[in-house]
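# Secondary and tertiary structure notes
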Amino acid sequence: MAWAGAPQSAAAVECRDLAHDGNRYTLCEVDAAQEQLQLFLKDDGGDVHGHFSRLDADLADQGKVLSFATNAGMYHTDRSPVGLFVEQGEEVTKLVPNAGPGNFGLLPNGIFCIRQGRADVYETLTFRDSDVRCDYATQSGPMLVIDGALHPRFLPDSTSFFIRNGVGTSADGTRAVFVISRNAVTFHQFGSLFRDHLQLPNALYFDGNISRLHAPQVGRSDAGFMMGPIVGVVEDKAE
């Protein structure tokens, strides 16, 4: 393992490049106890944000700035979320507990939940059976790390390589680490990064080749096709 960059100081979000086990990643770490971490889908007019630039422009009209963002889960062709999506405490789409096609249905999948002072990744059925209430939540899958163990379906010798992104959280909920790979990786490699290097007990996959990152600290704001759910950190615009 070798560091390819240093944390940015005095920033709401610390982003850096790293190399681990022969693969390259960009990591953005958020203090969920301190920062305004939110999920976004549509603007006040009911239109899907779809792009970091549109979301940032909407926030600018409110005197805010988007200091970090990434895509936050899978979506249908109309950009509506696949599975549970909660925004500002209101359930937009319902939780899906059953298996299904594609990566989302590769159980166990999970929920990324943001609430006052913390952010957590939960396995879906554990979340369903709990009394946890989220200010923001998105369902995606598969889980990458479940209580310190890799997803049981991940194979060390897999030949399925893609650009991938996801999030892992600490046990106390204060540390949310968002990672996007800079080269194609397997699920086993990606999950191992969260478990072995970042030492996070739970982590969730967001998506594959559509994965994108907005991280001005490292000079990056990816463009491309419209996205569905977006997760980001909002700051007050400097005077």
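Described below are features of the structure shown in this document. Within every chain, residues take consecutive numbers counted from 1 along the sequence as written. With pLDDT at 70 or above as the cut-off, local features in this predicted model cover only qualifying residues; side-chain atom pairs require 80 or more to be listed or tallied, and sums for whole chains, interfaces and linings still use all residues. Side-chain figures throughout are based on the complete set of non-hydrogen atoms in the structure, without hydrogens or water.

### A closer look at the layout of surface pockets
In this analysis the probe radius is 1.4 Å and the grid spacing 1 Å, with only protein atoms considered; a cavity is a set of points the probe fits into but cannot get out of, a pocket is an open set with protein on both sides within 12 Å along at least five of seven lines, and lining residues have an atom within 4 Å of a point. Grid points are joined across faces, edges and corners, and a volume is the space filled by probe spheres set on the points. Considering only enclosed or pocket space, the largest pocket measures out at about 420 Å³ in volume. Lining of the largest pocket is provided by 20 residues; of these, Lys 42, Asp 44, Gln 62, Glu 87 and Gln 88 occupy positions nearest its centre. Residue assignment for the lining of the largest pocket shows that the elements contributing at least two residues are strand E4 (36-40) and helix H1 (52-60). Secondary structure elements are defined from DSSP: runs of H or I of at least 4 residues count as helices, runs of E of at least 2 residues count as strands, and each element is numbered from the N terminus. Ranked by residues supplied to the lining of the largest pocket, first place goes to E4 with four residues. Space inside the second largest pocket adds up to approximately 180 Å³. Surrounding the second largest pocket, 13 residues form its lining, Glu 35, Gln 36, Leu 37, Ile 114 and Arg 115 being those nearest its centre. Elements with a minimum of two residues in the lining of the second largest pocket: E4 and strand E8 (110-115).

### Some details on the pattern of salt bridges
One side chain can pair with another of opposite charge once the charged atoms of both are near each other. Salt bridges are identified by distance alone: a Lys or Arg side-chain nitrogen within 4 Å of an Asp or Glu carboxyl oxygen. If you walk through the whole model with that rule in mind, you get 10 salt bridges. For Asp 196, the salt bridge identified is with Arg 195, shortest N-O distance 2.7 Å. For every residue, the accessible area obtained with a 1.4 Å probe (protein chains only) is divided by the maximum for its type, and the residue is called buried under 20%, exposed over 50%, and partly exposed between those limits. The class of Asp 196 is partly exposed, set by a relative accessible area of 42%. When salt bridges with common partners are traced through the structure, they connect Arg 16, Glu 29 and Arg 175 into a single cluster.

### Details of the sheet that holds strand E18 (residues 230-236)
Through backbone hydrogen bonds, the strands of a sheet pair up, either in parallel or in antiparallel fashion. Pairing between two strands is assigned when DSSP locates at least 2 bridges connecting them. What the five strands build is an open sheet, ordered E4-E18-E5-E16-E17; its pairing is antiparallel. On the outer flanks of this sheet lie E4 and strand E17 (220-221), each paired with one strand and no other. By the bridge criterion, two bridges tie strand E5 (residues 64-71) to strand E16 (residues 213-215) in an arrangement that is antiparallel. Looking at E16, one finds that Thr 70 is bridged to Leu 213. Along the sheet face, H1 touches E4, E5, E16, E17 and E18 and points at about 155° away from the line of E5. The contact criterion used throughout is that any non-hydrogen atoms of two residues lie within 4.5 Å. The axes used here are C-alpha line fits, helices contributing only the stretch in contact, and every angle between their N-to-C directions lies in the interval 0 to 180 degrees.

### Some points on the sheet that holds strand E9 (residues 118-123)
Taken in spatial order, the five strands make up an open sheet running E7-E6-E10-E8-E9, and their pairing is antiparallel. In the strand order of this sheet, the two ends are held by strand E7 (90-93) and E9, each with one partner. Taking the axes of each pair of neighbouring strands and ignoring which way they run, one obtains an average angle of 20° across the sheet.

### Looking at empty space enclosed by the protein
By the definition in use, this model includes one cavity of 30 Å³ or more. Roughly 30 Å³ of internal volume is contained in the largest cavity. Lining the largest cavity are Phe 68, Thr 70, Asn 165, Gly 166, Phe 178, Val 179, Ile 180, Phe 206 and Leu 213. Every element with two or more residues in the lining of the largest cavity is listed here: E5, strand E13 (165-169) and strand E14 (175-181). Three residue categories are used. Nonpolar comprises Ala, Val, Leu, Ile, Met, Phe, Trp, Tyr, Cys and Pro, charged comprises Asp, Glu, Lys and Arg, and polar comprises the others, including Gly. Looking at side-chain class alone, the lining of the largest cavity contains six nonpolar, three polar and no charged residues.

### Things to note about helix H3 (residues 187-197)
Buried residues dominate H3, accounting for eight of its 11 residues. For H3, the set of buried residues is Phe 187, His 188, Phe 190, Gly 191, Ser 192, Leu 193, Phe 194 and His 197. Downstream of H3 by a residue or two, Gln 199 has a phi angle that is positive, lying close to 55°.

### Digging into the state of the cysteines
What counts as a disulfide here is a pair of cysteine sulfur atoms lying within 2.5 Å. Applying the stated criterion to the full structure yields two disulfides. There is a disulfide in this structure between Cys 113 and Cys 134, and the S-S distance comes to 2.1 Å. On the S-S bond that ties Cys 113 to Cys 134, the torsion sits near -115°, and the link is left-handed. Highlighted residues: Cys 113 in strand E8 and Cys 134 in the loop between helix H2 (124-128) and strand E10 (136-140), separated in sequence by 21 residues. Of the two residues examined, Cys 113 and Cys 134, each falls in the buried class. Counting only the cysteines that form disulfides, in the order they appear in the chain, gives the pairing 1-2, 3-4.

### As for the environment of Ile 230
Along the chain, the position of Ile 230 falls in strand E18. Distance from Ile 230 to Leu 41, taken between C-alpha atoms, is 6.4 Å for residues 189 residues apart in sequence. Excluding anything up to four places from it in sequence, Ile 230 contacts Gln 38, Leu 39, Phe 40, Gly 50, His 51, Phe 52, Leu 55, Ala 69, Thr 70 and Ala 72.

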